[in-house]
Amino acid sequence: MKKISILSFLSVLLLSMSAFVNQSADADRLLGIWEPSNGRARVKVEKIGDKFFGRIVWLKEPKDAKTGEPKTDVNNPDESLRNVPLKGYRNLKDFVYKGKDVWEDGTIYDPLNGNTYSCTIKMTDKNTLDIRGYIGVSALGRTDIWKRLEVKPKDKKSN
Amino acid sequence: MKQLYLLGFSILSIGLLQAQTDSTSEEDDFSMYEELDFVDEGAKRYCSPKIEGLSPAQLIYVGYDVQGPYTMSADPLTNRNGEEISGSDEMKIAATHGLRLGCNIPVISKTSLVWQMGFNYWQTNFEGMEQAIPAGGRNKVIDQHKNAFHTMGLNTTVFKPLNDKQFLLFQGSADLNGDYSLSDIMPLNYLKYSGAVLWGKRPNEKKQWGIGLARTYRVGELNYIPVFMYNWTDAENKWGTEILFPARAAVRRTINPRNMVFAGFELQGQSYRLYKDQNLRSEDLEIRRGEIRLRMEYQFSVKDFLWVSAQAGYRINYRYHSDRLDGGKETLRAFGLLSDAPYAMESTLTNPFYVSVSINLVSP
Amino acid sequence: MRKNILWLAILPLLFLNACGKGSKTQIITLNAVDFNYEGPLYDGPNPSQYAWRVDLKELLKEEYSEGMKIKSARLLSAEIKADECKDCYGFEEINSLVLSFASNNKEVPMQAVALLNPVDSKNKTQKLNLSKEAEITDFLNEKDVYLILDSDLKSEIETDLNLKGKITIEVSFD
């Protein structure tokens, strides 16, 4: 009897641990490099603590047209932060995995106008994200489709 | 049992390994990010409906429009046989004013398709009816200006990108325009349908243009006209244009992304059904209102997504004639090219200054 | 990030002034916040994070009471020093520094709190300019806070880069 109860305890423990591991592995599918539909930037999603953040790692036009200097966050409503470089900028912040291919509770920042929007990420397939930025309620929003990028071996590219 | 322990240990190890994974410790070779390709080789890029620097689209707006004093002069009104049924008249309008509100809510908003549905309601009130009535009595059409005119309708916009450079744009609307009251809204068979289809190109992030065809009541009566779109922003994001000719065109000066000044014009128009007066209703009359608004506009963000638009300008009357639509049948004059059918009544308006203020919730 | 196992020196410099209505103010200093970047490093922004286990008991010492909350917190200064060893890199390869706070709590979003752009490599200590609008109170009531330092490198670095931060925060509590 005692043996059975130990066994059942261990089974429950293992099952819950494996569920945790699976959940964590599911969540981490968001990690990687992604490109918004406009192709103007590339964003690397990373994990800090329990949350996911996206950092601009590449800009199609990295220099400011007026100054010729690397672009900074000139439209930030916080004037004291307008000198933060855009390359390396975290424009996706604080996403938490909610299961079923959805990351929520985060925000997306648009450096073009300095606005921060509530945001939900849905992975529609392993290489595609629906990024929905919205104001207050999800209905008042816009969805952009981001695609996953990877380094492709040169020989593969030439084929 | 031993196997169970092994399994438990291996799962625990995976958990520990994952706990130690820390993605930010990877050092980035930034040059690498230029050499990337889509994992999904079939992935297609689509152009965005917007360009950089464009004024933000309005999700919800509530505003008020006021036109200053002007004079409305009417020739005699004729019946179906061309006989005069109401004499000429002239009335000084002290002010024309009214609430304007609407919304534009995205139904589908994806990279590959944007579909929005909207609602709009405009009210037009006329002040000045208390003036001296001519000996022959008030002209029957002018008399209807004691009623508020209403415009209420639904509209839809579909943006379909074809690829990363080309797109199709469709706009359509169905409006009820007339002097009906909100407690007795006129039947839906008086709906006016307008629409436009454009094919366009978006060669870069700062320019989009398009050409197309519109069915419109913007000059008061029905017309089919070519339309031309040209939105552009300069390299420094200071200057730009927002043009959907002939409906509107403006030069934009961007002080910063939350403060913009515009100079330009808008063509506004409706065909107002005279519905409220039972006797006049059977005459099937519609006032073909078309006006050009030369204007300056200042748009700014009050807080986050809440913007204010304040515009002031000069309203130039284009047309204010009354047309008879027997059985609802439109007369397609095409600026006199297809028909020179006479109006049931011709009117002229002098031109006042106007102001318009609205508060808007703008789109991401 | 590499898990920081280096100790965190906390100097509670303590002004226990009565601040109206019984509020007390204390200045806490995180004296050895390690931001370690493992080489080789590439040019561009490189992040490093430091996991700070916020222990109010340790921070506030005798002022601590069970279940207490920080009423307000304000960043007073953020300074970054480079390793002074012979072959170590200093600030000559760094364009800019941005310091952010993050947490695991969904109600407490990441915030950039200080920056320096450009970095003056002649200075041994880089004093970051503080954000005027950043609000860090909520972080002080979290168990785990992540301090992230983004260093924008001018060119590639073959070895590690080790920076040390000194963060001073003023906290108020009842």
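Residues numbered from 1 in each chain as written. Chains lettered and ligands numbered in written order. Predicted model: local features only at pLDDT ≥ 70, side-chain atom pairs only at ≥ 80, totals over all residues.

## Structural notes on the overall build of chain B
And step 1. Scanning chain B from terminus to terminus reveals three helices and 20 strands.
And step 2. For chain B, the C-alpha radius of gyration of 28 Å lies well beyond 21 Å, the compact-globule estimate for 364 residues.
And step 3. When the backbone C-alpha atoms are referred to their principal axes, chain B occupies close to 110 × 50 × 40 Å.
And step 4. Across the 364 residues in chain B, those meeting the buried criterion constitute 36%.
And step 5. In chain B, once contacts between residues fewer than 6 apart in sequence are set aside, the share between residues at least 24 apart is 61%. (Helix = DSSP H or I, 4+ residues; strand = E, 2+ residues; numbered from the N terminus. Rg over C-alpha atoms; globule rule 2.2 N^0.38 Å. Buried ≥ 20, exposed ≤ 12 C-beta atoms within 10 Å, placed from the backbone. Contact = placed C-beta atoms within 7 Å.)

## Things to note about the overall build of chain A
And step 1. In terms of regular secondary structure, chain A is built from two helices and eight strands.
And step 2. When its helices and strands are written in sequence order, chain A yields α-β-β-β-β-β-β-β-β-α.
And step 3. Taking all 159 residues of chain A together, 42% fall into the buried category.
And step 4. Considering only intrachain contacts with a sequence separation of at least 6, the fraction spanning at least 24 residues in chain A is 33%.

## Some words on the interface of chain A and chain C
And step 1. Listed as interface residues are 19 residues of chain A and, on the opposing side, 23 residues of chain C.
And step 2. Counting only elements with at least two residues in the side of chain A that touches chain C, the list comes to strand E3 (51–59), strand E4 (90–97) and strand E5 (102–110) of chain A.
And step 3. The element that contributes the greatest number of residues to the side of chain A that touches chain C is E4 of chain A, accounting for four residues.
And step 4. Classifying every residue of the side of chain A that touches chain C by side-chain character gives six nonpolar, five polar and eight charged. (Nonpolar A, V, L, I, M, F, W, Y, C, P; charged D, E, K, R; others polar.)

## A short note on the confidence of the model for chain B
All names here are of chain B.
And step 1. Summary statistics for chain B give a mean pLDDT of 88 and a share of 90% for residues scoring 70 or more.
And step 2. Taken together, the stretch residues 1–25 has pLDDT below 50 and engages in 27 contacts with residues farther than four places along the chain or on a different chain.
And step 3. With a pTM of 0.79, the predicted complex shows an ipTM of 0.80. (pLDDT = per-residue confidence, 0-100.)

## Quick notes on unusual backbone geometry
And step 1. A cis amide bond links Phe-245 of chain B to the next residue, Pro-246 of chain B, at an omega of 5 degrees.
And step 2. Structurally, the position occupied by Pro-246 of chain B is in the loop between strand E14 (239–245) and strand E15 (248–256).
And step 3. Residues Asn-117 of chain C and Pro-118 of chain C are joined by a peptide bond in cis, for which omega reads 0 degrees.
And step 4. When you line up the elements, Pro-118 of chain C lands in the loop between strand E6 (111–116) and strand E7 (125–127).
And step 5. For Asp-94 of chain A, which is not a glycine, the phi torsion comes out positive at approximately 65 degrees.
And step 6. As for its placement among the helices and strands, Asp-94 of chain A is situated in strand E4.

## Remarks on the nonpolar core
And step 1. Grouped together as the largest cluster of nonpolar side chains are 84 residues, with contacts concentrated most on Leu-97, Leu-99, Leu-115, Leu-128, Leu-147 and Leu-149 of chain C.
And step 2. If sequence neighbours within four positions are ignored, Leu-97 of chain C has contacts with Ile-80, Leu-115, Leu-116, Val-119, Gln-126, Leu-128, Leu-149 and Ser-151 of chain C.
And step 3. Grouped together as the second largest cluster of nonpolar side chains are 21 residues, Tyr-70, Ala-74, Ala-344 and Leu-349 of chain B included. (Core = buried A, V, L, I, M, F, W, Y, C linked by C-beta atoms within 7 Å.)

## A word on the pairing of strand E20 (residues 353–362) of chain B
A regular strand places its side chains on the two faces of the sheet in alternate fashion.
All names here are of chain B.
And step 1. As paired strands, strand E2 (residues 58–67) and E20 are joined by nine bridges and run antiparallel to one another. Across the sheet, Val-62 pairs through a bridge with Ile-359, a residue of E20.
And step 2. Pairing of strand E18 (residues 306–324) with E20, which is carried by nine bridges, proceeds in the antiparallel orientation. Paired with Gln-311 across the two strands is Ser-356, which belongs to E20. (Pairing = 2+ DSSP bridges.)

## What to know about the sheet that holds strand E3 (residues 70–74) of chain B
By way of backbone hydrogen bonds, the strands of a sheet pair with one another, either parallel or antiparallel.
All names here are of chain B.
And step 1. Read from one edge to the other, the open sheet built from three strands follows the order E6-E3-E19, with strand pairing classed as antiparallel. Because the sheet does not close on itself, it has two edges, and the strands there are strand E6 (89–93) and strand E19 (347–349). The mean inter-strand angle of the sheet, taken between neighbouring strand axes irrespective of direction, is 15 degrees.
And step 2. Alignment of E3 against E19, held across three bridges, turns out to be antiparallel. (Axes fitted to C-alpha atoms, helices over the stretch in contact; angles between N-to-C directions.)

## Description of the sheet that holds strand E5 (residues 94–103) of chain C
Residues and elements named next belong to chain C.
And step 1. Pairing is antiparallel in the open sheet, where five strands are placed in the order E3-E9-E5-E6-E8. With partners counted over all chains shown, the strands left at the sheet margins are strand E3 (44–53) and strand E8 (129–130), one partner each.
And step 2. Inspection of the sheet shows E3 paired to strand E9 (residues 144–153) by ten bridges, in the antiparallel sense. For Ala-51, the partnering residue across the bridge sits in E9 and is Tyr-146.

## Focus: the pairing of strand E13 (residues 221–233) of chain B
Residue and element names in this part refer to chain B.
And step 1. Of the strand pairs in this sheet, strand E12 (residues 207–219) and E13 are connected by eleven bridges, and their pairing is antiparallel. Paired with Gln-208 across the strands is Asn-231, a residue of E13.
And step 2. Linking two consecutive strands that pair antiparallel, namely E12 and E13, is a turn of one residue; a positive phi of about 100 degrees is found at Gly-220 within it.
And step 3. With six bridges connecting them, E13 and E14 associate as antiparallel partners. Bridging across to E14, Asn-231 finds its partner in Glu-242.

## A short note on the environment of Glu-291 of chain B
Residue and element names in this part refer to chain B.
And step 1. Tracing the backbone through its elements, the reader meets Glu-291 in strand E17 (residues 285–303).
And step 2. In sequence terms Glu-291 and Pro-352 are 61 residues apart; their C-alpha atoms lie 11 Å from each other.
And step 3. Not counting residues within four places of it along the chain, the set of residues in contact with Glu-291 comprises Gln-268, Gly-269, Arg-315, Ile-316, Asn-317 and Tyr-318.

## Quick look at the environment of Leu-169 of chain B
And step 1. Note on placement: Leu-169 of chain B falls in strand E10 (residues 166–178).
And step 2. For Leu-169 of chain B, a count of 22 C-beta atoms within 10 Å corresponds to the buried category.

## Focus: the environment of Leu-41 of chain C
Residue and element names in this part refer to chain C.
And step 1. Relative to the assigned elements, Leu-41 resides in the loop between strand E2 (24–37) and E3.
And step 2. With 22 C-beta atoms counted inside 10 Å, the residue Leu-41 sits in the buried group.
And step 3. Spatially, the C-alpha atom of Leu-41 lies 14 Å from that of Leu-163, the residues being 122 residues apart in sequence.

## Some details on the confidence of the model for chain A
All names here are of chain A.
And step 1. Mean pLDDT for chain A: 85, with 81% of residues reaching 70 or above.
And step 2. Considering each helix and strand of chain A separately, the mean pLDDT is smallest for helix H2 (residues 154–158), with a value of 44, and largest for E4, with 96.
And step 3. Ignoring residues within four places in sequence, the model shows residues 155–159, a span with pLDDT below 50, making one contact including any to other chains.

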